[in-house]
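Each chain, written out:
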Amino acid sequence: MPVIAGEFGENDCAHGYLDALLPWLDQHGVSYLAWTWNTWDCSNGPALISSYDGTPTAFGAGYRAHLAGT
């Protein structure tokens, strides 16, 4: 069965949760989508970017680093 974890993130714009979650998902063959491509303040919900030019938040930078394998 295909499994996709979606709409996850942190309201503090950090990536500690991702640092634990993403390796587990990778290890178990689970796909994932981070939340969200909005520029709102992370206290309102997780945000990958701080500007629509693609500038990442700390959360977005952590997600990008994981995808890049660093």
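Residues numbered from 1 in each chain as written. Predicted model: local features only at pLDDT ≥ 70, side-chain atom pairs only at ≥ 80, totals over all residues. Heavy atoms only, no water.

## Here we look at unusual backbone geometry
Between W35 and T36 the backbone carries a cis peptide bond, its omega angle lying at 10 degrees. Relative to the helices and strands, T36 resides in the loop between β2 (31-34) and α2 (58-68). Residues other than glycine seldom take positive phi values, yet E7 does so here, at roughly 55 degrees. Here E7 lies in strand β1 (residues 4-8). The backbone phi angle of C13 is positive, close to 65 degrees, even though this residue is not glycine. Relative to the helices and strands, C13 is located in the loop between β1 and α1 (16-27). C13 sits in the buried class, given a relative accessible area of 16%. (Helix = DSSP H or I, 4+ residues; strand = E, 2+ residues; numbered from the N terminus. Buried < 20%, exposed > 50% of the residue type's maximum accessible area, 1.4 Å probe, protein only.)

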